[in-house]
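Observations on the model geometry
Each chain, written out:
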Amino acid sequence: MSDKTLDAVVIGAGVAGLYQLHQLREQGLDVRAFDTASGVGGTWYWNRYPGAKFDSEAYIYQYLFDEDLYKGWSWSSRFPGQSEIEEWLNYVADALDLRRDISFDTTITSAVFDEDTNRWTVTTDSGETIDTQYLVTCCGMLSAPMADLFPGQSDFSGEIFHTARWPRDGVELSGKRVGVIGNGATGIQVIQTIAEQVDQLTVFIRTPQYALPMKNPSYGPDDVEAYKARFDELRENLPNTFTGFEYDFDVAWADLTPAQRRERLEADYENGSLKLWLASFAEIFSDEEVSEEVSEFVREKMRARLQDPELCELLIPSDYGFGTHRVPLESGYLEVYHRDNVQAVPVRNNPIARIVPEGIVLEDGTLYELDVIVMATGFDAGTGALTRIDIRGRDGRSLREDWGRDIRTTMGLMVHGYPNLLTTGAPLAPSAALCNMTTCLQQQTEWISDAIGYLRANGKSVIEPTEEGQDAWVAHHDELADANLISKTNSWYVGSNVPGKPRRVLSYVGGVGAYRAATLEAAAAGYKGFSLS
Ligand code: NAP
């Protein structure tokens, strides 16, 4: 006998979970959301490290299902910081009165499907059990930190933090010797923010990044009014572009002269956003020559700023193409390395071997003495949030074991063998890799709500993708992914940052609009590729 019986459990109270909870509650379901955190926000609750901010324009990283909700919130700048984003998600939770149906400080530890009752038994870390018909995971694409990486970590005599577990009260860094491991989108934000505060900053660099300068103007009342006036246009446009941003690829490389290409690249670079990556030339993902030319354009910009040949060698990528993994926006990041209190340490050929009480030791025995270590070391993306829960489907099968062999889903929305488990931010759907997350998550949660609504309206209670349906989606996904240069670059995009993780491009790369059309077509055809009973 379970402690509680519900129609639906939503795991997570971030961007996806809040909206999913709202939708299912509006449909009349008895639904509750659970979150390990003490408040709403998901990614924007956890990632409170110094300098955390948007790389998507704030006004496109919003819910578009309700005009009043959209217009009731005003951003202070184009790319605001974490605290403002967390405040916005609290505003949403309050406006929709969601808190009364959320259990905070509660981690779901297991979920077991019962084939006799066609229901899930979900267990929390306090031992409470919940009997539910639907289990909807809104756990985030990038939420399972890669935090325990080095031998000796627990022996460190100073303080050590993963960026996604940064203390709410902050960390005193002034006057300290600080080491940062990792220079992805997160590390770059940390490094450029703390360099001025700390006594000494040591950055351990394994793979350099193509970084683009961010332009982040403050918004006054006129700016806010101007973007709010575009609400209808944004609502129409965003779900149908290639990446869920407002801009899109609109010109073919082959149709322009070299001078015109250069002009376009310069204009997109000057935009100070992700436009150069997500709306310049789509051929950067498929054509090695275009990839190299655009990469060289970015390298040239970086060389002009870095100047010092040694820094150029260490900080400018040369062995993978621009945009084949996440392009970070930065503000003065490269110039940080010109400061006297900042040292960049190459660790590609001389890796970090262990952490000792005094600091970080490299393979050749060099010790870097530190007071604080910041691990900007990323996430077990897409799968990690779910494989860290013991999820058991039909015949007792384990999602952890299944995905440990081969990461397969049906449109990132369901997994064969796991009836009534509906997923967002999961592999094989568009997600953080090449998508404005809020655009994708709204679409995925809406599809899930519609599917549940359809079942209820048609006297059905179980939905599961067929094996053939799933095989077809995986084959389609792989065909596109294998032709995309993303598949050739090592990063979380292909799972190569997690030892032993099966390699597959995690995000669907066929475009947000195309994906949306495919999911809607399947639904319109009576959930083609799924069995309903
Ligand atoms: P990440 O991109 O996976 O970067 C992790 C970094 O840690 C890399 O530089 C990696 O080096 C390094 N690293 C990991 N293990 C290491 C080791 N043993 N030794 C040395 N270096 C090691 O993670 P992230 O920066 O947290 O970003 C993850 C994603 O979150 C981003 O791609 C983005 O989608 C999202 N994000 C978004 C924002 C935003 O919107 N503003 C901000 C931050 C993050 P290698 O590259 O060599 O593996």
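Details of the structure are given in the entry above.
The structure displayed is predicted, hence computed values, not measured ones. (Residues numbered from 1 in each chain as written. Predicted model: local features only at pLDDT ≥ 70, side-chain atom pairs only at ≥ 80, totals over all residues. Heavy atoms only, no water.)

Here the focus is the sheet that holds strand S8 (residues 177-181). With parallel pairing, the five strands of this open sheet are ordered in space as S7-S16-S8-S9-S12. The strands lining the two open edges of the sheet, one partner per strand, are strand S7 (159-162) and strand S12 (342-346). Across the sheet, the axes of successive neighbouring strands diverge by a mean angle of 15°, strand direction being ignored. Here S8 runs beside strand S9 (residues 200-205); their pairing, made up of five bridges, is parallel. (Pairing = 2+ DSSP bridges. Helix = DSSP H or I, 4+ residues; strand = E, 2+ residues; numbered from the N terminus. Axes fitted to C-alpha atoms, helices over the stretch in contact; angles between N-to-C directions.)

This part covers the nonpolar core. Counting 162 residues, the largest nonpolar core has Trp-88, Leu-201, Trp-277, Phe-322, Tyr-337 and Trp-447 as the members making the most contacts within it. Residue contributions to this core peak at seven residues, all from helix H15 (residues 437-457). Setting aside anything within four residues of it in sequence, one finds Trp-447 in contact with Met-411, Leu-413, Leu-422, Thr-519, Leu-520, Ala-523, Tyr-527 and Phe-530. Within the second largest apolar cluster, 14 residues are counted, among which are Phe-150, Ile-181, Ile-355 and Tyr-368. (Core = buried A, V, L, I, M, F, W, Y, C linked by side-chain atoms within 4.5 Å. Buried < 20%, exposed > 50% of the residue type's maximum accessible area, 1.4 Å probe, protein only. Contact = heavy atoms within 4.5 Å.)

This part is about the site of the ligand. Looking at the ligand, there are 22 residues lining it, with Lys-53, Thr-186, Arg-206, Thr-207 and Trp-492 nearest. At a separation of 3.3 Å, a nitrogen atom of the ligand approaches a polar side-chain atom of Gln-189. Arg-326 places a side-chain nitrogen or oxygen 3.0 Å from an oxygen atom of the ligand. With three residues, helix H5 (residues 185-194) is the largest single contributor of residues to the shell around the ligand. (Near = heavy atom within 4 Å. Polar contact = N/O pair within 3.5 Å; in protein donor to acceptor, adjacent residues only side chain to side chain.)

Close contact between helix H8 (residues 258-270) and helix H10 (residues 288-306) brings their axes to 11 Å; oriented N to C, the two are set at 55°. What the angle tells us is that H8 and H10 run oblique. Here the hand of the crossing between H8 and H10 comes out right-handed. Along its contact with H8, which presents Arg-262, Leu-265, Glu-266 and Tyr-269, the element H10 presents Val-294, Phe-297, Glu-300, Lys-301 and Arg-305. The residue inventory of the contact of H8 with H10, partitioned by class, reads four nonpolar, no polar and five charged. (Parallel < 35°, antiparallel > 145°, perpendicular 65-115°, else oblique. Left-handed = near helix turned anticlockwise from the far one by under 90°. Nonpolar A, V, L, I, M, F, W, Y, C, P; charged D, E, K, R; others polar.)

Turning our eyes to something else, we now look at the sheet that holds strand S14 (residues 359-362). Ordered by their spatial adjacency, three strands build an open sheet running S13-S14-S15, and the pairing between neighbours is antiparallel. With one partner strand each, in any of the chains shown, strand S13 (352-356) and strand S15 (367-369) form the two edges of the open sheet. Neighbour-to-neighbour, the strand axes of the sheet open up by a mean angle of 20°, direction not taken into account.

Closest axis-to-axis distance for the H15/helix H17 (residues 512-524) pair is 11 Å, and the angle between their directions is 0°. Viewed along their axes, H15 and H17 adopt a mutual orientation that is roughly parallel. Residues Thr-439, Cys-440, Gln-443, Gln-444 and Trp-447 of H15 form the contact with H17, whose participating residues are Val-512, Tyr-515, Arg-516, Thr-519, Leu-520 and Ala-523. The class makeup of the residues in the contact of H15 with H17 is six nonpolar, four polar and one charged.

The next point concerns the pairing of S9. Successive residues of a regular strand alternate their side chains across the two faces of the sheet. With five of six residues buried, S9 is to be regarded as a mostly interior element. Following the backbone out of S8, through H5 and into the adjacent parallel S9, one traces a crossover that is right-handed. For S9 and S12, the ladder comprises five bridges, and the chain directions are parallel. Bridging from a neighbouring strand, Phe-204 pairs with Val-345 of S12. (Right-handed = clockwise from strand over helix to strand, strands pointing away.)

Turning to unusual backbone geometry, a few remarks are in order. Within the chain, Asp-97 stands out as a residue other than glycine whose phi angle is a positive 50°. Inspection of the secondary structure assignment puts Asp-97 in the loop between helix H4 (82-95) and strand S3 (102-103). Located in the positive-phi region is Leu-428, a residue other than glycine, with phi close to 80°. Counting through the fold element by element, Leu-428 comes out in the loop between strand S18 (421-423) and H15. Taking the relative accessible area as the measure of exposure, Leu-428 reaches 0% and is therefore buried.

Further remarks concern the pattern of salt bridges. A complete count under the given rule lists 38 salt bridges for this structure. Asp-406 is the partner of Arg-408 in a salt bridge, and the nearest nitrogen-oxygen pair spans 3.1 Å. Residue Arg-408 is classed as partly exposed on the basis of its relative accessible area, which comes to 23%. Among the residues examined, Asp-406 registers a relative accessible area of 29% and is labelled partly exposed. Salt bridges sharing common partners tie together Arg-25, Arg-32, Asp-97, Arg-100 and Asp-101. (Salt bridge = Lys/Arg side-chain N within 4 Å of Asp/Glu carboxyl O.)

Topologically, Phe-285 is positioned in the loop between helix H9 (275-278) and H10. Judged by its relative accessible area of 5%, Phe-285 falls in the buried class. In the structure, Phe-285 is positioned 36 residues away from Gly-321 in sequence and 8.5 Å away in space, judged by C-alpha atoms.

The next point concerns the state of the cysteines. A covalent bond between the sulfur atoms of two cysteines is what we call a disulfide. Per the counting criterion, the structure on display carries one disulfide. Linked covalently through their sulfurs, Cys-435 and Cys-440 form a disulfide whose S-S length is 1.7 Å. Across the disulfide from Cys-435 to Cys-440, rotation about the S-S bond amounts to roughly 130°, and the bridge is consequently right-handed. An identical accessibility class is assigned to Cys-435 and Cys-440; each is buried. (Disulfide = S-S within 2.5 Å.)

Applying the stated criterion across every chain, the model contains 36 aromatic pairs. Seen in terms of ring centroids, Tyr-269 and Phe-297 are 5.9 Å apart; in terms of plane orientation they differ by 90°. Their pairing is edge-to-face. With Tyr-269 in helix H8 and Phe-297 in helix H10, this residue pair connects regions lying 28 residues apart in the sequence. Both rings, one in Tyr-508 and one in Tyr-515, keep their centres 5.8 Å apart while their planes meet at 50°; by these two values the pair is tilted. By relative accessible area, Tyr-515 is classed as buried at 0%. One aromatic cluster in this structure is built from Tyr-19, Trp-44, Phe-54, Tyr-61, Tyr-63, Phe-65, Trp-73, Trp-75, Trp-88 and Tyr-91. (Phe/Tyr/Trp six-rings, centres within 6.5 Å; stacked < 30°, edge-to-face > 60°.)

These results come straight from atomic positions and should not be treated as a statement about function.
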